[in-house]
Amino acid sequence: MGMTQAEAIAERIKGEAKRLYGPILVRVSLDAYPNDDGADIYMYAPRKYSDMLLTKLKAAREQFLKGTKVDRDKLRLFMEDSENMSPELKAKLMAQAQAPQPPQK
C-alpha cells in the first residue's frame, strides 16, 4: 500500500528536521487518524534549539501543504524537550530511529 499525502508530508518534515538539527529525534504517529488523512509528528530536541526548530518546521509545513488536499489541522507538530526525557524513552526512540525502515511499495 502506498503512502498517503499526509504520510509523505510527514516524512518530508522529518527530513527537514534532520537537516536543520541532526541529533533531533522524530517520531511520526498515524494512530489518531483512522481514515489515513493525517499524522502527528513528535520531535525531541534540547530546549535551546526547540523554539527555532518549531518555527522553521511550521513554515516548512505550510510550504509542503500547498497544492495538497491535506488539512493543516490534521498534520500536527509537537516539540518536546529532550533534556527532560526519561532514559528509557530516549533509548526506545533512538532504537526506533536507527531501525531499518521497511521498503515503500
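In case you missed it, the structure is sitting above this.
For clarity, every value in this text was computed on a predicted model and none was experimentally measured.

Chemist: Could you give me a rundown of the nonpolar core, with the residues and numbers involved?
Modeler: Residues Ile13, Ile24, Ile41, Met43 and Leu75 are the most contacted members of the largest nonpolar core, which totals 22 residues. Those elements giving two or more residues to this core turn out to be α1 (5-20), β2 (39-45), α2 (47-65) and β3 (75-81). Residue contributions to this core peak at six residues, all from α2.

Chemist: I'd like to hear about α1, residue by residue, with values.
Modeler: Residues lying three or four places apart along an α-helix face the same way, a consequence of the helix completing one turn every 3.6 residues. Compared with the 22 Å implied by 1.5 Å per residue over 16 residues, the 23 Å span of α1 between its first and last C-alpha is a close match. Packing partners of the buried residues in α1 comprise β1 (25-29), β2, α2 and β3.

Chemist: Lay out the pattern of salt bridges with the relevant residues and their values.
Modeler: Counting across every chain of the model gives five salt bridges. When the shortest N-O distance is used, the salt bridge between Glu16 and Arg19 registers 2.7 Å. Here Glu16 and its partner Arg19 are both found in helix α1, three residues apart, which amounts to about one turn of the helix. For Arg76, the salt bridge identified is with Asp40, shortest N-O distance 2.8 Å. Here Arg76, found in strand β3, pairs with Asp40, found in strand β2; they are 36 residues apart in sequence, far enough to count as distant. We classify Arg76 as partly exposed; its relative accessible area is 34%.

Here is what the cut-offs are and how they apply
Residues numbered from 1 in each chain as written. Predicted model: local features only at pLDDT ≥ 70, side-chain atom pairs only at ≥ 80, totals over all residues. Heavy atoms only, no water. Core = buried A, V, L, I, M, F, W, Y, C linked by side-chain atoms within 4.5 Å. Buried < 20%, exposed > 50% of the residue type's maximum accessible area, 1.4 Å probe, protein only. Helix = DSSP H or I, 4+ residues; strand = E, 2+ residues; numbered from the N terminus. Expected span 1.5 Å × (residues − 1). Contact = heavy atoms within 4.5 Å. Salt bridge = Lys/Arg side-chain N within 4 Å of Asp/Glu carboxyl O.

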